[in-house]
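An overview of the molecular structure
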Amino acid sequence: MISEQKTKIPRKPWKTKSTSTSQLLNSSPIINKQDFGSSVGGVFAWLLQLLIAKYSLPHFFVLIYCPNKMAETLKAIANFGITDFERDFQFEGAHGWVSSHWNVPVVAIITYLLFCFKGSKEMALRAPFDLKIELTVWNGFLSLFSTMGMLRTVPFLLARLIEGTYRESVCTEATVSYGTGPVGFWTYMFILSKLPELIDTVFIVLRKKRLIFLHWYHHVTVVSENLHTVSVVLQSSLNLFFL
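A quick note: this is a predicted structure, and the numbers were derived from the prediction, not measured. (Residues numbered from 1 in each chain as written. Predicted model: local features only at pLDDT ≥ 70, side-chain atom pairs only at ≥ 80, totals over all residues. Heavy atoms only, no water.)

Regarding empty space enclosed by the protein
Taken as a whole and judged by the stated rule, the model has 1 cavity of 30 Å³ or more. As a volume, the largest cavity reaches approximately 40 Å³. The wall of the largest cavity is formed by Trp 97, Val 98, His 101, Trp 102, Val 104, Pro 105, Leu 192, Leu 195 and Leu 227. The set of elements that each furnish at least two residues to the lining of the largest cavity consists of α6 (91-100) and α7 (103-123). Residues belonging to the lining of the largest cavity are distributed by class as follows: 8 nonpolar, 1 polar and no charged. (1 Å grid on protein atoms, 1.4 Å probe; cavity = no way out; pocket = protein on both sides within 12 Å on 5 of 7 lines; lining within 4 Å. Points joined across faces, edges and corners; volume = space filled by probe spheres on them. Helix = DSSP H or I, 4+ residues; strand = E, 2+ residues; numbered from the N terminus. Nonpolar A, V, L, I, M, F, W, Y, C, P; charged D, E, K, R; others polar.)

Structure below.
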């Protein structure tokens, strides 16, 4: 009779012996709780510290996600390949132009609303345009523009959350927080882009698609709110969260 020998299955490296939460917090010398205080980024780093000590995650994650290292990495991403034009951007010039050209959004909104209703009535008697290629090119351009803006603004915002508190990231005056440099430039470009984005409705009308109330109401209010935000002195950094 052949005896069956039970083979012991080796424990996977991430299945380590259970450790109490208090031991984990006190045992890791890599992340110091005083480095991040009450910041939002510190909370994430604190949670990651538990995962690293509990499941033996690679040391690489500690270097990237501890507060100081993570903030440096995010800033490097946000400033990668910036041009002189982005670096030298000043909010005062943008504020002055929008304030002195307040009639531009007013005329644009009136023209837009007339096109929405008059254009839809005119197209009711005509065959729809195809415009598939044009729409694909337009959406591709908007996607590239949004991606570039995201790469400039999102890492900057996350770095601010890590280095300071959530209150500071919201309540600091925008002109001081991000009004200059590449983040200020792409924030300004995002605000101005609400005007050409009205072209979205042109495709809907010319292709005889359903134009719902929420669509044109959204475009009208976003143009008004964004340009008004620039035309007055920004008192907080809250708008950066909505880009």
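There's more to say after this.
As for the nonpolar core
Membership of the largest hydrophobic core comes to 18 residues, with the highest contact counts inside it found for Tyr 112, Tyr 188 and Val 230. Of all the secondary structure elements, the ones that give two or more residues to this core are α6, α7, α11 (181-192) and α13 (213-231). Aside from chain neighbours lying at most four places away, what touches Tyr 112 is Leu 198, Thr 201, His 215, Trp 216, His 219 and Val 220. (Core = buried A, V, L, I, M, F, W, Y, C linked by side-chain atoms within 4.5 Å. Buried < 20%, exposed > 50% of the residue type's maximum accessible area, 1.4 Å probe, protein only. Contact = heavy atoms within 4.5 Å.)

Quick look at the packing of aromatic side chains
Summed over the entire model, instances satisfying the criterion amount to 9 aromatic pairs. These aromatic residues form a ring-pair network of at least three members: Phe 85, Phe 89, Phe 145, Phe 185, Trp 186 and Tyr 188. (Phe/Tyr/Trp six-rings, centres within 6.5 Å; stacked < 30°, edge-to-face > 60°.)

Observations concerning unusual backbone geometry
Phi angles above zero are rare outside glycine, and Leu 131 is one such case at about 60°. Locating Leu 131 in the fold gives a position in the loop between α7 and α8 (132-163). At Lys 208, a residue that is not glycine, the phi angle is positive and equals roughly 60°. You can see Lys 208 is positioned in the loop between α12 (199-206) and α13.

Some points on the packing of helix α4 (residues 67-78) against α8
It is at 8 Å that the axes of α4 and α8 come closest, and there the two elements cross at 160°. Between α4 and α8, the interaxial angle falls into the category roughly antiparallel. Judged by the twist between their axes, the crossing of α4 over α8 is left-handed. On the side of α4, the interface is formed by Pro 67, Met 70, Ala 71, Leu 74, Lys 75, Ile 77 and Ala 78, while α8 contributes Leu 151, Arg 152, Pro 155, Phe 156, Leu 158, Ala 159, Ile 162 and Glu 163. For the contact of α4 with α8, the class distribution of residues is 12 nonpolar, no polar and 3 charged. (Axes fitted to C-alpha atoms, helices over the stretch in contact; angles between N-to-C directions. Parallel < 35°, antiparallel > 145°, perpendicular 65-115°, else oblique. Left-handed = near helix turned anticlockwise from the far one by under 90°.)

Here's the deal with the pattern of salt bridges
Tallied over the entire structure, the rule returns 4 salt bridges. A salt bridge links Arg 87 to Asp 84; the shortest N-O distance between them is 2.7 Å. Of this pair, Arg 87 and Asp 84 both sit in helix α5 (residues 84-87), 3 residues apart, roughly one helical turn. Here Lys 194 ties to Glu 197 by a salt bridge, and the two come within 3.0 Å at their closest N and O atoms. Judged by its relative accessible area of 10%, Lys 194 falls in the buried class. (Salt bridge = Lys/Arg side-chain N within 4 Å of Asp/Glu carboxyl O.)

Observations concerning a nonpolar patch on the surface
Together, Trp 102, Val 106, Ile 110 and Leu 114 give the surface a local cluster of nonpolar side chains, amounting to about 440 Å² of exposed area. Following the sequence through the fold, Val 106 ends up in helix α7. By relative accessible area, which is 40% here, Val 106 ends up partly exposed. (Patch = residues over 30% accessible without salt bridge, like charges linked within 9 Å, V, L, I, M, F, W, Y side chains within 5 Å. Areas by Shrake-Rupley, 256 points an atom, 1.4 Å probe, with all protein chains shown as cover.)

Some details on the environment of Trp 216
Take Trp 216: it is sitting in helix α13. In this structure the C-alpha to C-alpha distance between Trp 216 and Ile 109, which are 107 residues apart in sequence, comes to 10.0 Å. Those residues within four positions of Trp 216 in sequence are excluded, and the remaining contacts are Tyr 112, Leu 113, Cys 116, Phe 117 and Leu 211.

As for the environment of Trp 186
As for its placement among the helices and strands, Trp 186 is situated in helix α11. In this structure, the C-alpha to C-alpha distance between Trp 186 and Met 150, residues 36 residues apart in sequence, is 8.7 Å. Those residues within four positions of Trp 186 in sequence are excluded, and the remaining contacts are Glu 86, Phe 145, Met 148, Gly 149, Arg 152 and Thr 153.

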